[in-house]
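For reference, the chains in residue letters:
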Amino acid sequence: MSDWTLPRLLMHNAERLGDKVALREKDFGIWQTVTWRQFAAHVRAFAMGLRALGLQRGDKVAIIGDNRPEWLYAELAAQAIGGASVGVYQDSVANEVKYVLEAAEARVIVVEDQEQVDKIIEIWPELPNVLKVIYYEPKGMRGYREPYLAHFPDIEELGRAYDSNHPGLFEAELAQGQPDDVAILSTTSGTTGTPKLAMLTHRNLISQGAGLLAVDPLGPDDEFVSFLPLAWVGEQMITVAAGLQCGFTINFPESASTVQENIREIGPRVMFSPPRIWENMLSQVQVKIQDTTRLKRAMYEWAMRQGYAMADARFSGKRPGALLRLQYGLARLCVFEPLKDQLGLRFLKRAYTGGAALGPDVFRFYHALGVNLKQVYGQTESAGLSVIHRDGQIKFQTVGTPLPNTEIRIADNGEILVKSPSVFIGYYKNPEATVEALHDGWLHSGDAGYFDEDGQLIVIDRAKDVMTLHDGTKFSPQFIENKLKFSPFIKEAVVFGGDWPFVTAMINIDFANVGKWAESRQISYTTYTDLAQKPQVYALIRRDVERANADLPPAARIRRFLLLHKELDADDGELTRTRKVRRRLVAQRYEEIVDALYSDQQELELETTITYQDGRTALIKTRLRIEEMEAPPAPAGERQAARVALG
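Remember, it's a predicted structure, so these values are computed and weren't measured experimentally.

> Explain the overall build of the protein here, please?
Counting secondary structure elements, the protein contains 22 helices and 28 strands. Scaling as 2.2 N^0.38, a compact globule of 647 residues should have a C-alpha radius of gyration of about 26 Å, and the protein matches this with 25 Å. The buried share of the protein, reckoned over its 647 residues, is 58%. In the protein, once contacts between residues fewer than 6 apart in sequence are set aside, the share between residues at least 24 apart is 66%. When the accessible area of the protein is evaluated, it comes to approximately 27100 Å², of which 50% is carbon and sulfur surface. In the protein, the 74 positive side-chain charges and the 85 negative ones have mean positions that sit 6 Å from each other.

Structure representation (structure tokens):
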């Protein structure tokens, strides 16, 4: 497929798959279908509409909104006439949108609805080079009179007229496209600063999709639910790069609030989600089990013991005994299959997690249920992933082995280096960063890792985040954070150590789950801050910290922690849009709290300014309690996962 581009793949599918369903979207409670032939017709019409507006080869189209067929129409239409797309996360605030639009030099902006239009109107005076803003959800737009606004179907109609007046132009543009043309500008996660724009070519994306399908084949009869932001390279990798090659049906949920219900309706054969999705799903199960009857809880706990025993046997490569197989079969019939059905996972052939490390406890839980969950490793700069677990060779402390045509090397300093056809060609208009990331065709990932005795890659953490304690123990903050987040009551955790004499943590409670727990025990509260500082909540979270500490080497155990008065928020810059912690920014912003954790203080008086959604600000004062943990004796045997992750 060395000469293909993404739009050519689409047109090829229109010929070979014709009236087979390509896209399915739930709207007003009904699943609406789009065939491959209709998909191609929409892309052709919108491409010619963009050309009629003045879009030229090499220009950029920015797209902002939830996952909808129109996103794919706009992206592939821009590529069909030699342009490129850049996705913007739909929950970005106006200044973040402006940053991406300016950095990408976008000429046309495609948005979903009134909310996104309002963001563009706010920053419009600073976008002099934009030709048009095109929206595809007309609700609430009747009173808007801005001349630069246009409705998506109107641009398609304009394109059909332009196409009829310029016969052969679309085919000529399509033929002119080359595999090494830039297909998308993909924003990096921005954990260490402002996001950069990685230039990914058609060859990068197609080779990425081909590598994934070579390991785990999929076909036109398979179903996939696209619910993660298409601005994220992981969703592009599955939905676009793999989807256009294998021809599976792409389903779009009705709304963010109905994702779980829609997944259950579709019964997808493949899923790809970052750890937070798998963690959230596990939290739902844990909370519901706590609220169920004593008999059902006892059945669940018995079934999970069989599930964990079976998962551990498979991880170790041992054949389970006859009794375990019988007990697991009963657990599967009575508990696991109904549970997977409720979660929408019953028909999964395989599931992937990537974008950040998934805690071993969470990973083990899904394998206990019988979900074929695999770790993958990669980054935006490698078009999504470079390393993946193979069936039957899954080890939860590793991320697997390299994809076909991918080389992985460990540098002398422990950094993971990647070379493959999927590696990007550089950062858009940022040669300094490009030189820093690419050397002789090798991508310098910035991650620390090594290969185990079976040749599987173990990723420790970001190289800059791996810490060394005063006793010489190396540890990964992310590993400890993931152990904490196995609790349904902990939403986020930030661990500190390294330059300090011991390990501490700032913890965000899960407001919904802890609130439900408090209500069931008749503990009254008013706000997040009030709930987080309740003594009973501290006692609840302390048990989870003790559980995490039990599996850690003594020097890496959490000695002091506090519950934050607010949730870490992407709008405040504390998290990336993919919910990764910006560790350095958090350490700087909460320097007073970090200092208190390493002092003799038992509580901290804090003043902070909060910003409401309407822009108003308020100064709040709160008292944060610091919990002191006893240093327990070292366990007789520490888990292999802890030894691996902590170096």
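> Which parts of the structure should I look at to understand the packing of helix α13 (residues 322–343) against helix α14 (residues 360–369)?
Packed helix pairs are characterised by how far apart their axes lie and by the angle those axes make with each other. The geometry of α13 relative to α14 is characterised by a closest axis approach of 9 Å and an angle of 110° between their N-to-C directions. Taken together, α13 and α14 sit at an angle that is classed as roughly perpendicular. Mapping the contact onto sequence places Y328, F336, L339 and K340 in α13 and H367, A368 and L369 in α14. Residues that form the contact of α13 with α14 fall into these classes: 5 nonpolar, 1 polar and 1 charged.

> Could you clarify how one ought to interpret the nonpolar core in this entry?
Across soluble globular proteins, nonpolar side chains have a tendency to be buried as a group. Core analysis: the biggest nonpolar cluster contains 128 residues, and F39, L50, V110 and Y366 have the highest contact counts within it. Filtering out sequence-adjacent residues up to four positions away, V110 remains in contact with F46, V61, A62, I63, I64, A74, I134, Y136 and F152. Judged by nonpolar contacts, the second largest core, of 54 residues, contains M467, F496, I507 and I509.

> Just to check I follow, could you spell out the side chain of T201 for this structure?
Tracing the backbone shows T201 in strand β9 (residues 197–201). For T201, a relative accessible area of 1% translates into the label buried. Not counting the four nearest positions on each side in its chain, T201 is found in contact with P179, D180, D181, V182, A183 and I425.

> How should the side chain of Q116 be read in this particular structure?
Here Q116 shows up in helix α5 (residues 114–123). Within polar-contact distance, the side chain of Q116 engages the backbone oxygen of Q90 at 3.0 Å. Polar contacts involving the side chain of Q116 include one to the side chain of K119, which spans 3.1 Å. Sequence-distant contacts of Q116, defined by excluding residues within four places in its chain, comprise I64, Q90 and V111.

> Explanation requested: the environment of S599 in the structure shown.
Of note, S599 is situated in the loop between α21 (591–597) and β27 (603–611). Residues S599 and T293, 306 residues apart in the sequence, show an inter-C-alpha distance of 45 Å. Among the polar contacts listed, one links the side chain of S599 to the backbone nitrogen of Q601, at a separation of 3.1 Å.

> Explain helix α12 (residues 294–316) here, please?
With 23 residues, α12 should reach 33 Å at 1.5 Å per residue; the first-to-last C-alpha distance of 33 Å fits that figure. Of the residues making up α12, those classed as buried are Y300, A303, M304, Q306, G307, Y308, M310, A311, A313 and F315. On the buried face of α12, the contacting elements are α11 (275–291), α13 and α14. Directly beyond the C-terminal end of α12, a positive phi value near 80° is found at G317.

> Just to check I follow, could you spell out the sheet that holds strand β7 (residues 149–151) for this structure?
What holds strands together in a sheet is hydrogen bonding between their backbones, with the strands either parallel or antiparallel. Here 7 strands make up an open sheet; going across it, the order is β7-β6-β5-β3-β4-β8-β9 and the pairing mixed. Edge positions in the sheet fall to β7 and β9, since each of these pairs with one other strand and no more. Looking at each pair of strands side by side, their axes are set apart by 25° on average, direction ignored. By the bridge criterion, 4 bridges tie strand β5 (residues 106–111) to strand β6 (residues 132–135) in an arrangement that is parallel. When the sheet's bridge partners are listed, V108 is paired in β6 with K132. Sitting on the sheet, α5 is in contact with β3 (60–64), β5, β6 and β7, with an inclination near 150° to β5.

The rules behind these values
Residues numbered from 1 in each chain as written. Predicted model: local features only at pLDDT ≥ 70, side-chain atom pairs only at ≥ 80, totals over all residues. Heavy atoms only, no water. Helix = DSSP H or I, 4+ residues; strand = E, 2+ residues; numbered from the N terminus. Rg over C-alpha atoms; globule rule 2.2 N^0.38 Å. Buried < 20%, exposed > 50% of the residue type's maximum accessible area, 1.4 Å probe, protein only. Contact = heavy atoms within 4.5 Å. Areas by Shrake-Rupley, 256 points an atom, 1.4 Å probe, with all protein chains shown as cover. Lys, Arg positive; Asp, Glu negative; His and termini not counted. Charge placed at Lys NZ, Arg CZ, Asp CG, Glu CD. Axes fitted to C-alpha atoms, helices over the stretch in contact; angles between N-to-C directions. Parallel < 35°, antiparallel > 145°, perpendicular 65-115°, else oblique. Nonpolar A, V, L, I, M, F, W, Y, C, P; charged D, E, K, R; others polar. Core = buried A, V, L, I, M, F, W, Y, C linked by side-chain atoms within 4.5 Å. Polar contact = N/O pair within 3.5 Å; in protein donor to acceptor, adjacent residues only side chain to side chain. Expected span 1.5 Å × (residues − 1). Pairing = 2+ DSSP bridges.

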